[in-house]
Amino acid sequence: QAVVTQEPSLTVSPGGTITLTCGSSTGAVTSGHYPYWFQQKPGQAPRTMIYDIYNKHSWTPARFSGSLLGGKAALTLSGAQPEDEADYYCSLSYPVSVVFGGGTKLTVL
Amino acid sequence: QVQLVQSGSELRKPGASVKVSCQASGYSFTNYAMNWVRQAPGQGLEWVGWIDTNTGHPTYAPGFTGRFVFSLDSSVSTAYLQISSLKAEDTAVYYCARGPPGGCDPWGQGTLVTVSS
């Protein structure tokens, strides 16, 4: 089974910009992996922030954006807010499975 | 709006079984697959598998074959996850999540299953 890799933890200053990445053990991440990004706060269910690389839901703040960067899926947060502190998970789709990354604990400090 | 509502928390003894439900609303149930995801306490998300809501055909992730069974009742737009021969390490929050191609979106609120003697 493929392994999906994320940074375990990152810290960003309020108002700052940071990029989280999502890599695949099988090679470069492509649109065929349907990269998703989820935000999870303590005690809450995950919430989809970005789907299919860069698409946003109505509730996704404009400061979040998705892309493919250097063979990985990337989630960029521009102008971090205290409420963005959370765990962020990506998922990638493979022929017969979905695999989640281990998650990135994002601290806004 | 699209909504997935799961059944409430469950407490079971080791060796028992549990059945978690996930009722969908706001869309045509058979137009999307249903995923199941596990999150052990303090841990990350783990894909359990998915079920084709048209055919009822399930796909289980490695490590979730045998004791985990997906089922459907399309007449009430509900998917089920049954876990048998429960072990302490099955203690987790189990989420259902609608399956657009390749993803999980949206998610149910989660069901805590606690296995303890």
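One structure accompanies this document, and this report is about it. (Residues numbered from 1 in each chain as written. Chains lettered and ligands numbered in written order. Predicted model: local features only at pLDDT ≥ 70, side-chain atom pairs only at ≥ 80, totals over all residues. Heavy atoms only, no water.)

**Quick look at the state of the cysteines**
Here is the rule we go by: Cysteine sulfur atoms that pair up within 2.5 Å are treated as a disulfide. The helix count covers DSSP runs of H or I at least four residues long, the strand count covers runs of E at least two residues long, and both are numbered beginning at the N terminus. Burial status follows relative accessibility: with a 1.4 Å probe on protein chains alone, a residue under 20% of its type maximum counts as buried, one over 50% as exposed, and anything between as partly exposed.
The final tally for this structure, using the stated rule, is two disulfides over all chains. With its sulfur 2.1 Å from that of its partner, cysteine 22 of chain A forms a disulfide with cysteine 90 of chain A. For the disulfide bridge between cysteine 22 of chain A and cysteine 90 of chain A, the dihedral angle about the S-S bond is near 80 degrees, and by the sign convention the bridge is right-handed. Of the two residues, cysteine 22 of chain A sits in strand β3 (residues 17-24) while cysteine 90 of chain A sits in strand β9 (residues 86-94), which places them 68 residues apart along the sequence. The buried category is assigned to cysteine 22 of chain A, whose relative accessible area is 0%. The buried category is assigned to cysteine 90 of chain A, whose relative accessible area is 0%. There is a disulfide in this structure between cysteine 22 of chain B and cysteine 96 of chain B, and the S-S distance comes to 2.0 Å. Between cysteine 22 of chain B and cysteine 96 of chain B the sulfur-sulfur dihedral comes to about 75 degrees; the bridge is accordingly right-handed.

**A look at the interface of chain A and chain B**
The condition that has to hold: In what follows, a contact means two residues having at least one pair of non-hydrogen atoms within 4.5 Å. Here's the idea: put two parts together, see how much 1.4 Å probe accessible area each one loses, and the total over both is what we call buried area. By salt bridge we mean one thing: a side-chain nitrogen of Lys or Arg within 4 Å of a carboxyl oxygen of Asp or Glu. Counted as a polar contact is a pair of N or O atoms within 3.5 Å, where, for protein atoms, one must be capable of donating a hydrogen and the other of accepting one, and residues adjacent in sequence contribute only when both atoms are in side chains.
With 16 residues of chain A at the contact, the number on the chain B side is 19 residues. Here chain A packs against chain B, burying approximately 1400 Å² in sum over the two surfaces, 62% of which is carbon and sulfur. When residues of chain A are sorted by the area they lose upon contact with chain B, Pro46, Val98 and Phe100 of chain A head the list and together hold 35% of the total. Where chain A meets chain B, there are zero salt bridges. Counting across the interface, chain A meets chain B through five residue pairs in polar contact (both at pLDDT 80 or more).

These figures come from the coordinates and say nothing about function on their own.
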